[in-house]
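Descriptive analysis of the structure
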Amino acid sequence: MTVWLLTFLVHSTLWCGMAWLILRLFPRTHARLRETIWYTALAASLITPVARAVNSQQSAVWQLRMPALAASAEGLHSEGKRGHVDGAASVSVAAGQQAAGILWFTVAGGLVTVYLVRLRAMRRRIVHREPVVDRRACDALAALSRRAALDPAPRLTESHSLGSPIAIGVGARREICVPVRALHELDGNEWPALLGHEVAHHLRRDTIRLAVLNVLQSVFFFQPLFRLAARELQLAAEEQCDDWAASQLDDPLSVASCLAEVAGWVVPRDRCTPVPCFGRHRRQLELRVRRLMDEDHTRHAPSRGWRRAGSVALLAIAPLAAPAIAPAGEASHGDGRSFEHVQQEHGEMRERAAARGWLGL
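Residues numbered from 1 in each chain as written. Predicted model: local features only at pLDDT ≥ 70, side-chain atom pairs only at ≥ 80, totals over all residues. Heavy atoms only, no water.

Topic: the packing of helix H8 (residues 190–204) against helix H10 (residues 224–249)
Heads up, the rule is: What counts as an axis is a line fitted to C-alpha atoms, over the stretch in contact for a helix, and the angles between N-to-C directions run from 0 to 180 degrees. Starting at the N terminus, helices and strands are each numbered in turn, a helix being any DSSP run of H or I of at least four residues and a strand any DSSP run of E of at least two. Should an angle fall under 35 degrees it is taken as roughly parallel, and over 145 as roughly antiparallel, whereas 65 to 115 is taken as roughly perpendicular and any remaining angle as oblique. For any helix crossing, the convention is left-handed if the near helix is rotated counterclockwise from the far helix by under a right angle, and right-handed if that rotation is clockwise. For this analysis, residues touch if any pair of their heavy atoms sits within 4.5 Å. Charged means Asp, Glu, Lys or Arg here, nonpolar means Ala, Val, Leu, Ile, Met, Phe, Trp, Tyr, Cys or Pro, and polar covers whatever is left, Gly included.
At a minimum axis separation of 8 Å, H8 and H10 run at an interaxial angle of 125 degrees. By the angle class used here, H8 and H10 are oblique. Remark: the crossing between H8 and H10 carries right-handed chirality. Listed contacts from H10 to Pro-192, Ala-193, Gly-196, His-197, Val-199, Ala-200, His-201, Leu-203 and Arg-204 of H8 are Ala-237, Glu-238, Gln-240, Cys-241, Asp-242, Trp-244, Ala-245 and Leu-249. Here the residues of the contact of H8 with H10 sort into 10 nonpolar, four polar and three charged.

Shown next, in the form of structure tokens:
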């Protein structure tokens with residue numbers, strides 16, 4: 001377990017670090033392509049440690065030396081074959097591995113529980129929501145749902161405890177919950193823009209995606225780059241939902257105006273909402289408004305087919321390119337000789353030295 005976790009940490013740092021570096025070098029990358037890059041990095045982070053554990057270490061293109069603690073753990077797996085691990089040391093290493101595994105499961109389980117508690121708290125927060133009966137709103141939602149091929153259309157509700165619209169539920173239980181003030185303070189195309197954004201979240205199944213990202217962050221809490229990836233993926237999702245809403249209205253300025261209006265409604269509790277949220281951070285809303293006002297924001301990303309083909313190709317190559325985590329003891333033998341062979345040579349040398357001493361040489 002310790003060896004696999006170390007391998008995961010090295011591999012996930014490699015792949016997520018590469019994704020971050022690429023997007024830093026090309027900051028104007030389209031949201032769709034940014035999303036593909038980050039999802040590919042996350043998938044590679046999970047696939048390559050498993051592939052490395054299943055395949056032989058010799059198949060790796062390059063190796064990294066393992067720290068002493070992990071090397072001791074690796075040595076424990078081959079204790080019966082090598083016979084050089086002291087009994088007490090073996091018990092100590094086994095106990096250390098077991099304690100590390102228990103600690104990981106405990107912390108990860110606790111963080112997943114915290115996420116579920118946050119989800120339940122959000123549900124309790126809007127428990128008194130009411131169905132929206134405004135005909136204008138219902139007609140706009142029905143039209144947008146038909147364009148998105150959502151059947152049935154999401155349920156539309158309103159709540160006094162929300163500062164920003166949210167999308168919740170999946171399948172037949174899809175729902176869009178908006179602040180009560182949205183029905184009274186949004187005008188013109190701003191109201192359809194808000195609904196179009198939330199419909200796009202359901203079209204993309206962002207409620208499921210965000211849940212998976214939250215669980216990954218909780219289980220692999222020791223990898224901070226997963227939190228960075230989740231934050232960047234949420235921003236990319238919001239930008240794509242903005243684009244979809246603007247394409248349905250053929251009016252990016254209406255979406256920008258709606259974002260600017262909602263920016264003033266955001267309350268602190270909205271920032272921790274564990275579901276897709278229209279306005280999680282005011283600064284992020286400002287960036288999205290500027291992006292919609294930019295004439296170049298409509299530039300095209302590579303087609304879905306090319307993005308998928310590139311992602312699959314990279315994931316196929318990744319296990320071959322990922323480094324093997326080699327025990328320090330093995331890495332120190334540059335001539336490639338096995339541990340048993342070295343032990344045999346040492347034994348022969350001791351026998352010759354003893355024979356010379358017995359003969360008085």
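Examining the layout of surface pockets
Unoccupied space between atoms shows up once a probe the size of one water molecule is rolled over them. Condition: Here a cavity denotes a set of grid points, spaced 1 Å apart and computed over the protein atoms alone, in which a 1.4 Å probe fits but from which it cannot get out, and a pocket denotes an open set meeting protein on both sides within 12 Å along at least five of seven lines; residues with an atom within 4 Å of a point are reported as lining. Grid points are joined across faces, edges and corners, and a volume is the space filled by probe spheres set on the points.
Within this model, the largest pocket holds a volume of roughly 1,200 Å³. Considering the residues around the largest pocket, the lining is formed by 41 residues, among which Arg-231, Glu-232, Gln-234, Leu-235 and Gln-284 are closest to the centre. The residue makeup of the lining of the largest pocket, split by class, is 16 nonpolar, 10 polar and 15 charged.

Examining the packing of aromatic side chains
We describe a pair of aromatic rings using the distance from one ring centre to the other and the angle between the two ring planes. Threshold: When two rings of Phe, Tyr or Trp (its six-membered ring) have centres within 6.5 Å they constitute a pair, described as stacked for plane angles under 30 degrees, edge-to-face for angles over 60, and tilted for the intermediate range. In this scheme, a residue with accessible area under 20% of its type's maximum is buried, one over 50% is exposed, and one in between is partly exposed, where area comes from a 1.4 Å probe on protein chains only.
This model, assessed by the stated rule, comprises nine aromatic pairs. Plain terms: the ring middles of Trp-104 and Phe-105 are 5.1 Å apart, the flat faces sit at 35 degrees to each other, and that makes the pair tilted. Their ring planes at 75 degrees and their centres at 5.9 Å tell us that Phe-220 and Phe-226 sit as a pair that is edge-to-face. For Phe-220, a relative accessible area of 8% puts it in the buried group.

As for the pattern of salt bridges
Convention followed: Salt bridge, as used here: a side-chain nitrogen of Lys or Arg that lies within 4 Å of a carboxyl oxygen of Asp or Glu.
Throughout the structure, instances matching the rule amount to 14 salt bridges. Across the pair Arg-155 and Glu-175 runs a salt bridge, and its minimum N-O distance is 3.6 Å. Of the two residues, Arg-155 sits in strand S3 (residues 155–159) while Glu-175 sits in strand S5 (residues 175–179), which places them 20 residues apart along the sequence. Since its relative accessible area comes to 5%, Glu-175 is described here as buried.

Focus on the pairing of S5
Selection rule: Two strands are said to pair when DSSP picks up at least two bridges between them.
Within S5, five of the five residues are buried, which leaves it mostly tucked inside the rest of the structure. Sheet analysis places S3 next to S5, joined by five bridges and oriented parallel. The residue of S5 that forms the bridge with Glu-158 is Val-178. Alignment of strand S4 (residues 166–168) against S5, held across three bridges, turns out to be antiparallel. Across the sheet, residue Ile-168 finds its bridge partner in S5, namely Glu-175. Connecting S4 to the next strand, S5, in antiparallel fashion are six residues, including Gly-169 with a positive phi near 80 degrees.

As for the environment of Pro-276
Within the secondary structure, Pro-276 sits in the loop between helix H11 (252–263) and helix H12 (282–293). Sequence separation between Pro-276 and Ala-237 is 39 residues, and the spatial gap between their C-alpha atoms is 9.0 Å. Residue contacts for Pro-276: discarding those within four places in its chain leaves Pro-165, Ile-166, Ala-167, Glu-198, His-201, Asp-206, Thr-207 and Leu-210.

Quick word on the confidence of the model for the protein chain
How we decide: pLDDT: the predictor's confidence for each residue, scored from 0 to 100.
For the protein chain, the mean per-residue pLDDT works out to 82, and 79% of the residues sit at or above 70. The weakest mean pLDDT in the protein chain belongs to helix H4 (residues 79–82) at 45; the strongest belongs to helix H9 (residues 206–219) at 96. In the model, residues 69–85 has pLDDT below 50 throughout and makes 27 contacts with residues more than four positions away in sequence or in other chains. Low pLDDT, under 50, characterises residues 330–339; the predicted model gives this stretch eight contacts beyond four residues in sequence or across chains.

Regarding unusual backbone geometry
The omega torsion of the bond from Asp-151 to Pro-152 falls at 5 degrees, within 30 degrees of zero and hence cis. Its place among the elements puts Pro-152 in the loop between helix H6 (135–147) and S3. For Asp-250, which is not glycine, the phi dihedral falls at a positive 55 degrees. Structurally, Asp-250 is set in the loop between H10 and H11.

A look at the nonpolar core
Convention followed: Nonpolar cores were defined as sets of buried Ala, Val, Leu, Ile, Met, Phe, Trp, Tyr and Cys residues, with membership established by side-chain atoms within 4.5 Å.
Judged by nonpolar contacts, the single largest core of 35 residues is most densely connected at Leu-156, Trp-191, Leu-194, Leu-195 and Val-199. Mapped onto this core, the elements with two or more residues apiece are H6, S5, helix H7 (182–185), H8, H10, H11 and H12. Not counting the four nearest positions on each side in its chain, Leu-194 is found in contact with Pro-165, Val-178, Leu-186, Cys-258, Val-262 and Phe-278. Within the second largest apolar cluster, 22 residues are counted, among which are Cys-16, Ala-108, Leu-228 and Ala-322.

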